[in-house]
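Residue-level structure breakdown
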Amino acid sequence: MFTSQTSFQDSIDGDDKDAELDSEEILGSGQKSAQSLTCYYALYFYQSTSLSLVDSSLPPEAEPELRGYISRRLSKGALLGGMGNIATVELSVHEPALGCYCCLLETDRQGDRQAEEEEGGNANYVVCFLGGSEKGLNLFRLELDKYVQGLQSWLCPEVSGLEGAVGPYLSGWYEDSVMHIQRVVQLVQDNVCFLLHAALSNTHMDITGADERTRTDICRFVKAASLQGLVQEESTAASLCTALSEDGARYLLIDCSEPSPRFTNAVSNRFCDGWVPAFLNAAEGGNPFLLRQILENFKLKAIQDMNNLKRFIGQAEMSHYALFRCAVFLRSCGNGDVLLQNARAEHSGQPQGASIVRVLEEFLSEPGD
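Calculation rules
Residues numbered from 1 in each chain as written. Predicted model: local features only at pLDDT ≥ 70, side-chain atom pairs only at ≥ 80, totals over all residues. Heavy atoms only, no water. Pairing = 2+ DSSP bridges. Helix = DSSP H or I, 4+ residues; strand = E, 2+ residues; numbered from the N terminus. Axes fitted to C-alpha atoms, helices over the stretch in contact; angles between N-to-C directions. Contact = heavy atoms within 4.5 Å. Expected span 1.5 Å × (residues − 1). Buried < 20%, exposed > 50% of the residue type's maximum accessible area, 1.4 Å probe, protein only. Arc of directions from axis to C-beta. Salt bridge = Lys/Arg side-chain N within 4 Å of Asp/Glu carboxyl O.

So, about the sheet that holds strand β6 (residues 204-208). Across the sheet, which stays open at both edges, the 3 strands sit in the order β6-β7-β8 with mixed pairing between neighbours. Every interior strand has two partners, whereas the edge strands, β6 and β8 (262-264), have only one. Taking the axes of each pair of neighbouring strands and ignoring which way they run, one obtains an average angle of 20° across the sheet. Direction of pairing for strand β7 (residues 251-255) relative to β8: antiparallel, over a ladder of 3 bridges. Among the inter-strand pairings, L253 is bridged to a residue of β8, identified as T264. Across the sheet, helix α10 (residues 192-200) lies against β6, β7 and β8, angled at about 150° from β7, the strand it touches most. Running over the sheet, helix α11 (residues 212-225) touches β6 and β7 and is turned about 165° from β6.

This is the structure in structure tokens:
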């Protein structure tokens, strides 16, 4: 069972002072807005113990410092192939410290394996992305790992001319891997509640009239807001991801042909509506790292409520009073429809549990919810 100590109000409220401190910590020391955030990249060719620069956007005085840092990490075996490592580095740039994502890319050169061994080791690459803070970049680790994987098709045995080919790709790491959540919130505004509900309820989407980046952004936002992969398969969270409601054929239709997207068959609830101000405030402040933290808090609170419902249903099998408490909880949490969808799937093979779920569904369908 996955539990969280983050309460709903603690997650989305808090006074202005606390919000400012959290925002600065996530974004990076000395940075007040992601709009003014300076980002860098560096790509190195790595063979045996030799590390040579391929391409970098760092100032000339800072790049050797980063190279020295990476060399020390490699000598300690701290960089594993295909797995990103995030830390804080201090370089000769205007920021006092930067979050640094580093990943060792092992090239697949089976035909040259013997030659590589004779030359003193495999020829690989190390890619680095720098910007924001360590805490901020950690929130986007999966996106950064996936973005780095996109480099594999560019890397070849010959280093000559490689910087001209991969430079534009490397320079887009921040826009692609970090900014997509903010772009979606700025696009849909108050309607972000519909996307949050679609993510929790496993609702299918049909997006029309959108360019490829917008379509991809929306799909990535919903995937990031869902609970899939957050906990183990046997958990209540995984049950929610695989459950389909009785009206499972219903699609959320999103028409992006106009500047303000139109939503059809849109569904929300008080739980999702309650998070809208937090998303809009963070998007207005231009802090995509804080937006991602809010999204993670949103998911943690949903999991906490699912665990509470699971416990209440277990108690309700032995007590009518516990059944009443369970019904009151479902009505007050504002997320009863989603929680019951999950509970219906989880208890489908348990006659007593399924009977309790039906009673709760009847209770929620009564006026006053």
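Having seen the model, we can carry on.
For helix α15 (residues 320-333), built from 14 residues, the straight-helix expectation of 20 Å at 1.5 Å per residue is met to within 8% by its first-to-last C-alpha distance of 20 Å. The complete set of buried residues in α15 reads A322, L323, C326, A327, F329, L330 and C333. Buried residues of α15, viewed axially, fall in a sector of 160°; they line one side. Opposite the buried face of α15, by more than 90 degrees, sit the exposed residues H320, Y321, F324 and S332. Of the residues flanking the end of α15, it is G334, one or two places downstream, whose phi is positive at about 80°.

Here we come to the sheet that holds strand β4 (residues 98-106). If you walk across this open sheet you meet the 5 strands as β2-β1-β5-β4-β3, and the pairing is antiparallel. Where the open sheet ends on each side, the last strands, each with one partner, are β2 (50-56) and β3 (85-89). For this sheet the average axis-to-axis angle between neighbouring strands, irrespective of direction, equals 25°. With 5 bridges connecting them, β3 and β4 associate as antiparallel partners. Considered in β4, the bridge of A87 is made with C100. Where helix α3 (residues 63-75) meets the sheet, its contacts fall on β1 (40-47), β2, β3, β4 and β5 (123-130), and the angle it forms with β2 comes to roughly 140°.

With that settled, consider the pattern of salt bridges. Under the definition given, this model contains 9 salt bridges. With its nearest N and O atoms 2.8 Å apart, the salt bridge here joins R67 to E63. Of this pair, R67 and E63 are both found in helix α3, 4 residues apart, which corresponds to roughly one turn of the helix. Given the relative accessible area of 28%, R67 is considered partly exposed. Since its relative accessible area comes to 7%, E63 is described here as buried. One connected set of salt bridges, linked through shared partners, spans E143, R292, E296 and K299.

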